[in-house]
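Residue-level structural notes
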Amino acid sequence: MSNLHIKKKHILLISGDPRTLAEIKMELMDHFDISISAASETALDALEMYEVSAVLIYIGESREKAFSVFTSIFESIKNKNIPIIFLAEKGSDVDESTAFAMGAVDYSARRHGTTNALISRINLRISASEYERRALNEEETTLSRDGVPEAVLIGKTILIVDDLDINREIVASMLSGIEDLTFVFAENGKEAVEKFASDPNLYAFILMDVQMPEMDGLAATKAIRHLDDCKNAREIPIIAMTAGVSEDEIALCLEAGMDDYLEKPMAYDKLLAVAAEHCL
């Protein structure tokens, strides 16, 4: 079982509303290191002090102030190639157009109960930016070098199993920079078993969501492990994707026949390390 420690990504959160800054920080602090700023000076200080992976601009009642702070630090953000995400209390066509005109890569309305989706969006944009930075550095993008985790995945096919479209999209996007890596998708455990059984030697590993309708990830894993006359069914690495990482939940994954786990929302470095470690 892998037990890698991955450093949290640092994000800069900007808003003209200090109360909202505190609220959003509380929502995200388990997943990111966060600096908050309601003024240009403190935002610039954060950009100098920390390796900022994303800038999140909240547009609320103090929207003009938020835009003003952002405008004052835009050149610094641009020079560092940091993804910019706008978050609004209420979606507005005008604000959305303004956000993208100012260089945003994402714009989303803030709604109750959507924190996990926001975390996934932030991770996706951070990962996309990391790909772009690697593409600008020839040494870092030589995927065929010995010892580089990406090299293990070149030319492989993986099965991604999750009932939510956005989760499948996020995983594929995070790994899309790897040469000739092919993705096959399944929306539930039953479909995953059927796709694997139809061509069991096709896949290098399986990323399996745990909580799914019709057949969950635990049942699907057990079904794959018990396929008759199929050596790869017993050897194929199956990696759990789960928001629950208590000892009891991890134990259930292992008992079902899974080899490792990834906590949602996933960090690129952890996803890559675990996938490369187990890739057949």
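Please read all numbers here as calculations on a predicted model, not as lab measurements.

1. Remarks on the packing of aromatic side chains
- Applying the stated criterion to the full structure yields two aromatic pairs.
- Pairing Phe183 with Phe185 gives two aromatic rings, centres 6.4 Å apart and planes at 20°, and the pair type is stacked.
- A relative accessible area of 31% means that Phe185 is categorised as partly exposed.
- Here the guanidinium or amino end of Lys270 rests over the ring plane of Tyr261, the centre of that ring lying 5.6 Å away.

2. Description of the pattern of salt bridges
- This structure, assessed with the given rule, holds nine salt bridges.
- Notably, a salt bridge pairs Glu23 with Arg19, separated by 3.6 Å at the nearest N-O pair. A residue pair is termed a helical-turn pair when its members lie 3 or 4 positions apart in one helix, as Glu23 and Arg19 do in helix H1 (residues 18-28) at four residues.
- For Glu23, a relative accessible area of 34% puts it in the partly exposed group.
- Arg19 gets classed as exposed once you look at its relative accessible area, which sits at 64%.

3. Details of the sheet that holds strand E4 (residues 84-88)
- Taken in spatial order, the five strands make up an open sheet running E2-E1-E3-E4-E5, and their pairing is parallel. Each edge of the open sheet carries a strand with a single partner, namely strand E2 (32-37) and strand E5 (106-109). Geometrically, the sheet is characterised by an average inter-axis angle of 25° between neighbouring strands, direction not taken into account.
- Pairing geometry for strand E3 (residues 52-59) and E4, over five bridges, is parallel. Counterpart to Ile59 in the pairing with E4 is Ala88.

4. Regarding the environment of Val161
- Along the chain, the position of Val161 falls in strand E6 (residues 157-161).
- Note on Val161: relative accessible area 0%, which makes it buried.
- Those residues in contact with Val161, other than ones at most four positions away along the chain, are Ala186, Asn188, Gly189, Ala192, Ile206, Leu207, Met208, Asp209, Met212 and Met241.

5. Thoughts on the nonpolar core
- Within the largest apolar cluster, 25 residues are counted, with the highest numbers of intra-cluster contacts made by Leu159, Val161, Phe196, Ile206, Met208, Ile224 and Met258.
- Secondary-structure elements contributing two or more residues to this core are E6, strand E7 (182-186), helix H8 (189-198), strand E8 (205-209), helix H9 (217-225), strand E9 (238-242) and helix H11 (247-256).
- Counting 23 residues, the second largest nonpolar core, distinct from the first, contains Leu153, Ile158, Ala204 and Leu262.

6. Overview of the confidence of the model for the protein chain
- Averaged over every residue, the pLDDT of the protein chain is 82; residues scoring 70 or more account for 89%.
- Every residue in residues 1-5 is under pLDDT 50, and counting partners more than four places away or in other chains gives ten contacts.
- This model gives residues 138-147 a pLDDT under 50, and the stretch forms 15 contacts once residues within four places in sequence are excluded.

7. Considerations on the sheet that holds E6
- An order of E7-E6-E8-E9-E10 is seen for the five strands of this open sheet, with the pairing classed as parallel. Of all the strands in the sheet, just E7 and strand E10 (260-263) have a single pairing partner and so form its edges. Strand after strand, the sheet turns through a mean of 20° between neighbouring axes, direction not considered.
- Running at roughly 135° to E7, H8 makes contact with E6, E7 and E8 of the sheet.

8. Quick word on empty space enclosed by the protein
- Using the criterion set out here, one finds one cavity of 30 Å³ or more in the structure.
- Taken as a whole, the largest cavity encloses approximately 40 Å³ of empty space.
- What lines the largest cavity is simply Lys9, Asn123, Ile126, Ser127, Glu130, Ala267 and Tyr268.
- Sort the elements by how many residues they give to the lining of the largest cavity and helix H5 (residues 115-135) lands first, with four residues.

9. Re helix H2 (residues 40-49)
- Looking only at H2, the buried set comprises Ser40, Ala43, Ala46 and Leu47. Projection of H2 onto a plane perpendicular to its axis shows the buried side chains occupying an angular sector of 125°, all on one side. The exposed set on the far side of H2, more than 90 degrees from its buried face, consists of Glu41, Glu48 and Met49.

Conventions adopted
- Residues numbered from 1 in each chain as written.
- Predicted model: local features only at pLDDT ≥ 70, side-chain atom pairs only at ≥ 80, totals over all residues.
- Heavy atoms only, no water.
- Phe/Tyr/Trp six-rings, centres within 6.5 Å; stacked < 30°, edge-to-face > 60°.
- Buried < 20%, exposed > 50% of the residue type's maximum accessible area, 1.4 Å probe, protein only.
- Lys NZ or Arg CZ within 6 Å of the ring centre and 35° of its normal.
- Salt bridge = Lys/Arg side-chain N within 4 Å of Asp/Glu carboxyl O.
- Helix = DSSP H or I, 4+ residues; strand = E, 2+ residues; numbered from the N terminus.
- Pairing = 2+ DSSP bridges.
- Axes fitted to C-alpha atoms, helices over the stretch in contact; angles between N-to-C directions.
- Contact = heavy atoms within 4.5 Å.
- Core = buried A, V, L, I, M, F, W, Y, C linked by side-chain atoms within 4.5 Å.
- pLDDT = per-residue confidence, 0-100.
- 1 Å grid on protein atoms, 1.4 Å probe; cavity = no way out; pocket = protein on both sides within 12 Å on 5 of 7 lines; lining within 4 Å.
- Points joined across faces, edges and corners; volume = space filled by probe spheres on them.
- Arc of directions from axis to C-beta.

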